[in-house]
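In case you want the letters, here they are:
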Amino acid sequence: MQMQSQTPPKTFTYGFVLVEDFSLLPMTSAIEAMRMANQVLGFKAYSWYTITHNGAPVKASDSISISADFDFSSSFNQFDTIFVCAGINVVKQANPKLVQFLTRIEQKHQKLTLGSLCTGTYLLAHADLIKQSRCTIQWDHMEMFCEAYPSLNIESSLFVIDDKRITCAGGTAALDMMLNIIRHDFGRDVSTQIGEIFLADRIRSENERQKIPLQASLGSSHESLINAVSLMEANTEEVIDLDSISDYINVSRRQLERLFNKHLKDTPSRYYLKIRLNKAHRLLTQTSMSITDVGISCGFSTTPHFSKSYRDFFGISPSNERIQH
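Residues numbered from 1 in each chain as written. Predicted model: local features only at pLDDT ≥ 70, side-chain atom pairs only at ≥ 80, totals over all residues. Heavy atoms only, no water.

Caption draft 1: Representation of the overall build of the protein chain in the model. A tally of helices and strands in the protein chain yields 14 helices and ten strands. Principal-axis analysis of the C-alpha atoms places the extent of the protein chain at approximately 85 × 45 × 35 Å. Out of the 325 residues in the protein chain, the part that is buried amounts to 47%. Within the protein chain, counting contacts between residues at least 6 apart in sequence, those at least 24 apart form 65% of the total. Working note: accessible area of the protein chain is about 16,900 Å², and carbon and sulfur atoms make up 48% of it. In the protein chain, which carries 32 positive and 34 negative side-chain charges, the distance between the mean positions of the two groups comes to 2 Å. (Helix = DSSP H or I, 4+ residues; strand = E, 2+ residues; numbered from the N terminus. Buried < 20%, exposed > 50% of the residue type's maximum accessible area, 1.4 Å probe, protein only. Contact = heavy atoms within 4.5 Å. Areas by Shrake-Rupley, 256 points an atom, 1.4 Å probe, with all protein chains shown as cover. Lys, Arg positive; Asp, Glu negative; His and termini not counted. Charge placed at Lys NZ, Arg CZ, Asp CG, Glu CD.)

Caption draft 2: Broad picture of the side chain of Ser116. Checked against the element boundaries, Ser116 lands in strand β6 (residues 113–118). Overall, the relative accessible area of 0% leaves Ser116 in the buried class. Within the structure, Ser116 has its side chain in polar contact with the side chain of Thr121 (distance 2.7 Å). When residues no more than four places from it in sequence are discounted, the contact partners of Ser116 are Phe83, Val84, Thr121, Leu124, Ile166, Thr167 and Cys168. (Polar contact = N/O pair within 3.5 Å; in protein donor to acceptor, adjacent residues only side chain to side chain.)

Caption draft 3: Representation of the sheet that holds strand β2 (residues 46–51) in the model. Read across the sheet, six strands follow the order β2-β1-β5-β6-β10-β9 without closing on themselves; strand pairing throughout is mixed. At either margin of the open sheet sits one strand with a lone partner, and together these are β2 and β9 (159–162). Between one strand and the next, the sheet's axes are offset by a mean angle of 15°, whatever the strand orientation. In terms of strand pairing, strand β1 (residues 12–18) meets strand β5 (residues 81–86) through five bridges, oriented parallel. Looking across to β5, one finds that Tyr14 is bridged to Thr81. On top of the sheet, helix α1 (residues 24–41) reaches β1, β2, β5 and β6; it is set at about 155° to β2, its chief contact. (Pairing = 2+ DSSP bridges. Axes fitted to C-alpha atoms, helices over the stretch in contact; angles between N-to-C directions.)

Caption draft 4: A look at the packing of helix α8 (residues 223–234) against helix α10 (residues 253–264). The geometry of α8 relative to α10 is characterised by a closest axis approach of 10 Å and an angle of 95° between their N-to-C directions. Put simply, α8 runs roughly perpendicular to α10. Mapping the contact onto sequence places Ser224, Leu225, Ala228, Val229 and Met232 in α8 and Leu256, Leu259, Phe260, His263 and Leu264 in α10. Looking at the contact of α8 with α10 residue by residue, the class counts come to eight nonpolar, two polar and no charged. (Parallel < 35°, antiparallel > 145°, perpendicular 65-115°, else oblique. Nonpolar A, V, L, I, M, F, W, Y, C, P; charged D, E, K, R; others polar.)

Caption draft 5: Summary view of α8. An ideal rise of 1.5 Å per residue puts 16 Å on twelve residues; α8 measures up with 16 Å between its terminal C-alpha atoms. Among the residues of α8, those classed as buried are Leu225, Ile226, Ala228, Val229, Leu231 and Met232. (Expected span 1.5 Å × (residues − 1).)

Caption draft 6: α10, seen in detail. The terminal C-alpha atoms of α10 lie 16 Å apart, and with twelve residues this matches the ideal 16 Å at 1.5 Å per residue to within 8%. Taken as a whole, α10 has its buried residues at Leu256, Phe260 and Leu264. With its buried residues spanning 35° around the axis, α10 presents them on a single face. Facing away from the buried surface of α10 by more than 90 degrees, the exposed residues are Arg254 and Lys262. Downstream of α10 by one or two residues, Lys265 has phi in the positive range, about 55°. (Arc of directions from axis to C-beta.)

Caption draft 7: Geometry of unusual backbone geometry. The backbone of Asn89 sits at a positive phi, close to 55°, despite the residue not being glycine. Relative to the helices and strands, Asn89 is located in the loop between β5 and α2 (96–108). For Asn89, a relative accessible area of 36% corresponds to the partly exposed category. Backbone geometry places Cys118, a non-glycine residue, at a positive phi of 60°. Relative to the elements of secondary structure, Cys118 occurs in strand β6.

Take a look at the structure:
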């Protein structure tokens, strides 16, 4: 009697490219999900390795130093997926060595999936490697990213899996991303067990937004207020007057003011200004856009008006803010 040979179990190898000031939480969240998958499955289904440009340790944004298993000159034939991990000061990490490495990986290993965690999406875009794919990035870098790469198909999802590209907003979203990948690889029961071990009440899907919407804190009974704030957040460059906002959400101007005062302890105009100035702060500290262009992008018709409003709100001028960063 001829014995049938058993099909070898599926295995996957992941790499994590670490740049200075990368965010540690997304990387460890993804790795912990794979570690627990190995434990639940009873064999080494997932392997993972760290990569730095010269093989030397790299410090995360919390100053914890992480050692490297590989450098940019290594062979990556055995890898299935490589994630670029970044965090704060990501623009400074967009150097020619990294671009050359990512481009070589893309050209030499066409079956390999390229991904990003947190702000690593910016580095993939800088290397011109996500122009055909949907993508996402950490929400507090969204304006910067949209200004730098307006032609890309950018979403506010927790993570996006699109063919040979995986982009993740970072934070705990990396755990949800990896659990969805594990579910695809080994089934729902495995990913559910891992979620239960990690005390995750549920596994979030790719379609969920990363930034906690106002509805989460106010509840569904305040639809008019939520719609008003959503309009403000979506229109920071071309500012909408309050009467138009009132008409759009079908309440009177007086009702709108009462809603903001009761639930947000603010006036509609002041709250709208805060949204625009907080966006300006992110653009000043995350991009090289001129102060004039930042002001225009945030709905200010003149630079003096923008500077005065910014100084009144933050206690520092836009030019000094830029110098400090």
